[in-house]
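Residues per chain are reported as follows:
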Amino acid sequence: MFRKVLIANRGEIAVRIIRTLCEMNIASVAVYSDADRRSLHVRMADEAAHIGPSASSESYLRIDRILDAARKHGAEAIHPGYGFLSERAEFAAACEAAGIAFIGPSSEAIRAMGSKTEARRIAVAAGVPVVPGTASGSKDPAGVRRFTEEHGYPVILKAVAGGGGKGMRRVEREGDLEAAFRDASSEAERAFGNGDVYIEKFIVDPRHIEIQIFGDSHGNYVHLGERECSLQRRHQKILEECPSPLVAAFPDLRERMGTAALKAAAAAGYLNAGTVEFLVDGERNFYFLEMNTRLQVEHPVTELVTGLDLVRLQLEIAAGLPLPFRQRDVEWRGAAVECRIYAEDPDNQFFPSPGKIETLERPAGPGVRLDSGVYQGWTVPLEYDPLLAKLAVWAGSREHAIARMRRALGEYIVSGIKINTGFFQVLLEDPRVLAGALHTGLVDELLTAPKAPAPSGAVTAAALAAAVHAISRTDNASKAAVATFAQSSRWRDEGRESLLR
Ligand code: MV4
């Protein structure tokens with residue numbers, strides 16, 4: 001096993017990785033920018049290397065400086081975390097060339113999966129269902145027009161180099177196709193330096209369910225089941241859970257999606273941790289969407305339900321060890337929910353709210369896990385993603401996990417900055433969320449729900465009494481709160497083209 005590992009990341013995920021290194025008696029090397037001199041990950045690591053100014057382009061994205069730090073500190077391996085360089089094939093290749101183990105898949109696998117059409121090709125070749133669409137991208141709309149002539153509307157245009165919603169356009173009718181194609185292509189060119197666009201049939205109100213997989217260097221593959229990630233806002237996941245309520249209701253789905261995910265991974269000769277994303281339609285048909293070649297933000301819900309440490313598995317596989325268990329040994333117990341805690345103000349259009357954390361009270365108690373990258377007295381820098389922490393809970397049932405999450409959210413109190421815990425309280429009161437009837441548009445629907453009419457003096461006591469009788473107290477409270485969020489969210493939407501609705 002490695003004796004020393006460098007973490008090419010910051011914040012809560014760097015802290016998460018350091019914790020496992022500590023348990024495995026592996027020395028940790030943090031890297032930090034000017035803005036992160038006093039950050040928790042630097043304090044927790046055994047050693048630390050300054051890698052440049054606050055701008056990530058001058059620090060966390062600098063392959064040369066990170067490799068210099070690894071050599072200087074004698075690190076034998078680098079864990080990239082998520083974001084930053086984690087899915088840059090050239091970073092994995094540079095590590096390989098420097099004789100430093102990259103804790104993740106090969107640079108070729110990262111490059112292959114970075115092309116959405118190449119990933120689709122691999123899935124198709126492996127016999128995994130994909131959404132009907134074109135096999136390759138183009139800068140010329142002729143190919144996608146031919147597709148719509150055969151398959152009709154609605155469709156979705158996607159950037160070949162895309163991800164996270166950039167370079168995507170939903171198109172409802174022939175008249176909009178040409179302009180949408182040009183928009184998607186130029187947006188993709190600006191964002192990824194590649195304006196190639198392909199087309200898929202649009203799946204209406206899908207669920208987003210992903211499968212965690214692992215492959216080792218001995219040819220063993222296992223899947224660790226699914227995560228339900230349908231609750232998103234503007235292509236950012238905000239709440240994730242395991243099991244998916246859909247899989248809980250139709251358990252054969254886990255086996256079928258797990259097997260499909262492993263077929264795609266094996267076809268790509270995939271090594272280490274990966275996530276295969278699927279869209280699931282109203283008839284429970286699932287379609288391969290893309291494969292993420294990194295440890296994901298939401299990995300804790302899988303850890304809570306399977307009892308495994310995914311970072312430990314990554315380290316063991318990168319060190320050449322075989323997976324320490326077989327597929328039949330994997331068990332899923334109870335239910336886990338995770339909320340992403342952001343320094344942002346839900347009452348003010350979810351604007352980032354960086355600043356000094358004056359006071360901080362952290363949730364704890366039975367079944368509560370807090371993966372946090374902050375401490376009281378620290379100043380949240382404005383240069384980076386404002387994710388402060390992930391609050392995850394485990395309980396015997398989904399119902400209990402949600403109750404436990406609401407209890408833990410209530411215990412999470414900060415002053416000096418705004419956090420989004422109140423928004424989760426509202427979300428976790430919504431009848432559709434409680435019923436597990438999730439889809440990727442649900443959060444936006446909640447946020448744009450019409451504002452309840454203001455109470456008027458003319459309302460009679462009798463009418464009030466009847467209304468109170470008809471609608472439960474929690475329902476009222478949640479509607480009022482949702483209306484507040486809806487109002488602020490509409491401000492943000494002004495002047496912006498809504499991507500998919
Ligand atoms: C889709 C889709 C419907 N049909 N593809 C959005 C992010 C990107 N990874 C893929 N996305 C979608 N692709 C087809 N053919 C709907 C979405 C989508 C979505 C997917 C996952 C999670 C949230 C989403 C929010 C809106 C749209």
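Residues numbered from 1 in each chain as written. Predicted model: local features only at pLDDT ≥ 70, side-chain atom pairs only at ≥ 80, totals over all residues. Heavy atoms only, no water.

### A closer look at the overall build of the chain
- A count of helices and strands for the chain gives 18 helices and 22 strands.
- Going through the 501 residues of the chain one by one, you find that 55% of them count as buried.
- For the chain, contacts bridging at least 24 residues in sequence account for 67% of all contacts bridging at least 6.
- Roughly 20900 Å² of accessible area belongs to the chain as shown, and the carbon and sulfur atoms make up 52% of that amount. (Helix = DSSP H or I, 4+ residues; strand = E, 2+ residues; numbered from the N terminus. Buried < 20%, exposed > 50% of the residue type's maximum accessible area, 1.4 Å probe, protein only. Contact = heavy atoms within 4.5 Å. Areas by Shrake-Rupley, 256 points an atom, 1.4 Å probe, with all protein chains shown as cover.)

### A short note on the pairing of strand S8 (residues 197-201)
- With four of five residues buried, S8 is to be regarded as a mostly interior element.
- In this sheet, S8 lies alongside strand S6 (residues 155-159) in antiparallel orientation, the contact comprising five bridges. Considered in S8, the bridge of Val-155 is made with Lys-201. (Pairing = 2+ DSSP bridges.)

### Describing the sheet that holds strand S5 (residues 101-102)
- Ordered in space as S3-S2-S1-S4-S5, the five strands form an open sheet in which the pairing is parallel. If you trace the sheet from one side to the other, it starts and ends with strand S3 (47-52) and S5, each paired once.
- The pairing of strand S4 (residues 77-79) with S5 spans two bridges and is classified as parallel. Among the inter-strand pairings, Ile-78 is bridged to a residue of S5, identified as Phe-102.

### Looking at the nonpolar core
- Counting residues in each nonpolar core, the largest one holds 43 residues, and the members touching the most others are Ile-341, Leu-391, Tyr-412 and Leu-427.
- Among the secondary structure elements, those contributing two or more residues to this core are strand S11 (236-242), strand S14 (335-342), strand S19 (368-372), strand S21 (387-395), helix H13 (398-411), helix H14 (421-427) and helix H16 (442-447).
- Residues contacting Ile-341, with those up to four places away along its chain left out, are Pro-386, Leu-387, Leu-388, Ala-389, Leu-391, Leu-409, Tyr-412, Ile-419, Asn-420, Thr-421 and Phe-424.
- In terms of nonpolar packing, the next biggest core, distinct from the first, is built from 32 residues, Ile-17, Leu-310, Val-311 and Val-330 among them. (Core = buried A, V, L, I, M, F, W, Y, C linked by side-chain atoms within 4.5 Å.)

### Notes on helix H7 (residues 142-151)
- Taken together, the buried positions of H7 are Val-144, Phe-147 and Thr-148. Each buried residue of H7 lies within a common arc of 95 degrees when the element is viewed along its axis, so the set occupies one face. Opposite its buried face, H7 presents the exposed residues Arg-146, Glu-149 and Glu-150, each directed more than 90 degrees away.
- Where H7 is buried, its residues contact S6, helix H8 (174-192) and S8.
- A positive backbone phi angle near 75 degrees is found at Gly-152, which sits one or two residues after H7. (Arc of directions from axis to C-beta.)

### Observations concerning the packing of aromatic side chains
- Summed over all chains, the structure comprises seven aromatic pairs.
- For the pair Tyr-375 and Trp-378, a centre-to-centre distance of 6.4 Å together with 40 degrees between the ring planes defines the contact as tilted.
- What links up through ring pairs into an aromatic cluster is the set Tyr-60, Phe-84 and Tyr-384.
- Across from the ring centre of Trp-332, 4.5 Å away, lies the NZ or CZ of Arg-254, which sits over that ring. (Phe/Tyr/Trp six-rings, centres within 6.5 Å; stacked < 30°, edge-to-face > 60°. Lys NZ or Arg CZ within 6 Å of the ring centre and 35° of its normal.)

### Re the sheet that holds strand S7 (residues 169-171)
- Read from one edge to the other, the open sheet built from three strands follows the order S7-S6-S8, with strand pairing classed as antiparallel. Each of the sheet's edge strands pairs with one partner strand only, and the pair in question is S7 and S8. Taking the axes of each pair of neighbouring strands and ignoring which way they run, one obtains an average angle of 25 degrees across the sheet. (Axes fitted to C-alpha atoms, helices over the stretch in contact; angles between N-to-C directions.)

### Details of the pairing of S14
- Counting buried residues in S14 gives eight out of eight residues, a clear majority hidden from the surface.
- Bridging between S11 and S14 involves four bridges; their strand directions are antiparallel. Counted as the bridge partner of Leu-239 is Cys-339 from S14.
- Pairing geometry for S14 and S21, over eight bridges, is antiparallel. Residue pairing across strands places Arg-340 opposite Lys-390, the latter belonging to S21.

### Concerning the environment of Ala-403
- Positionally, Ala-403 belongs in helix H13.
- For Ala-403, a relative accessible area of 43% puts it in the partly exposed group.
- C-alpha separation for the pair Ala-403 and Val-393, spaced ten residues apart in sequence, amounts to 9.7 Å.

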